[in-house]
Amino acid sequence: ADPDGLSVARLWLNGRYHSIDKSAPFSFNISGLSNGNHTLMVRTKDRRGNSLDSETITISVQEARPYTEITSPENNTEIELGETLTVTVDAFDPDGIDAARLWLNDQYHSIDKAAPFTFTVADLSEGNHTLMVRTRDNRGNALDSNEITVSVKQRQQAFANITSPEGGEALI
């Protein structure tokens, strides 16, 4: 704070003049920075013309990387024969996602064109099945999820054994 009041603030980006703001509170918008480190410094001027530089800070810009991940079911999940399976997917791409496609045992199964991406799989046969999701961004680039395995087991039949009395034994 300056007792004479600040009249202007200038932003310096990577040691070069970037922009000016002439009304407090001062703020700046920066866009289009490349990946990597960048320095920022603000030079203010009070109403008497005195200048004061802020501390120079360094910021790091990292591009958001696209990803596609099956979030449910977990790998090696077991379900019973006849049970319906719901597959949920978390996906991000800075270019936007056009669609997600589910692959079951290396065969195309279905498509979902709107997030959150969810698929329903019914009538799985007994045994192990692999699931994978492929997303396409709005530029046509594909990205595959992790592959997971789901095991379908025959439902165990309930049974009862009579252990006492033994067969042919007389009850008194």
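Residues numbered from 1 in each chain as written. Predicted model: local features only at pLDDT ≥ 70, side-chain atom pairs only at ≥ 80, totals over all residues. Heavy atoms only, no water.

A. Focus on the pairing of strand S9 (residues 97-104). In this structure, S9 lies alongside strand S12 (residues 127-137), joined through seven bridges in antiparallel fashion. Its bridge partner being in S12, tryptophan 103 is matched across the sheet by methionine 132. In sequence, S9 turns back onto strand S10 (residues 107-112) through a hairpin of two residues, with asparagine 105 there showing a positive phi of about 50 degrees. (Pairing = 2+ DSSP bridges. Helix = DSSP H or I, 4+ residues; strand = E, 2+ residues; numbered from the N terminus.)

B. Examining the sheet that holds strand S6 (residues 67-72) more closely. With respect to topology, three strands assemble into an open sheet ordered S6-S8-S11, the strand pairing being antiparallel. Every other strand in the sheet has two partners, leaving S6 and strand S11 (117-121) as the edge strands with one partner each. Taking each pair of neighbouring strands and ignoring which way they run, the sheet shows an average axis angle of 25 degrees. (Axes fitted to C-alpha atoms, helices over the stretch in contact; angles between N-to-C directions.)

C. How the structure looks around the packing of aromatic side chains. Considering all chains together, one arrives at three aromatic pairs under this definition. Each ring, one from tryptophan 12 and one from tyrosine 17, has its centre 5.9 Å from the other, and the planes form 75 degrees; the classification is edge-to-face. Take tryptophan 12: its relative accessible area is 21%, and that puts it in the partly exposed class. Given the relative accessible area of 41%, tyrosine 17 is considered partly exposed. Judged by centre distance (5.8 Å) and plane angle (75 degrees), the rings of tryptophan 103 and tyrosine 108 are edge-to-face. (Phe/Tyr/Trp six-rings, centres within 6.5 Å; stacked < 30°, edge-to-face > 60°. Buried < 20%, exposed > 50% of the residue type's maximum accessible area, 1.4 Å probe, protein only.)

D. Spotlight on the pattern of salt bridges. Overall, the coordinates contain three salt bridges when judged by the stated rule. With a closest N to O distance of 3.6 Å, aspartate 95 and arginine 139 form a salt bridge. With aspartate 95 in the loop between strand S8 (85-92) and S9 and arginine 139 in the loop between S12 and strand S13 (142-144), this residue pair connects regions lying 44 residues apart in the sequence. The exposure class of arginine 139 is exposed, given its relative accessible area of 66%. Between aspartate 144 and arginine 134 there is a salt bridge, and its shortest N-O distance comes to 2.6 Å. Pair noted here: aspartate 144 is in strand S13 and arginine 134 is in strand S12, with a separation of ten residues, a long-range link. Here arginine 134 falls in the partly exposed class, since its relative accessible area comes to 24%. (Salt bridge = Lys/Arg side-chain N within 4 Å of Asp/Glu carboxyl O.)

E. Up close: the side chain of serine 145. Position of serine 145 relative to the elements: it lies in the loop between S13 and strand S14 (148-153). Using a relative accessible area of 9% as the deciding quantity, one classes serine 145 as buried. Residues contacting serine 145, with those up to four places away along its chain left out, are Thr68, Glu69, Ile70, Met132 and Val133. (Contact = heavy atoms within 4.5 Å.)

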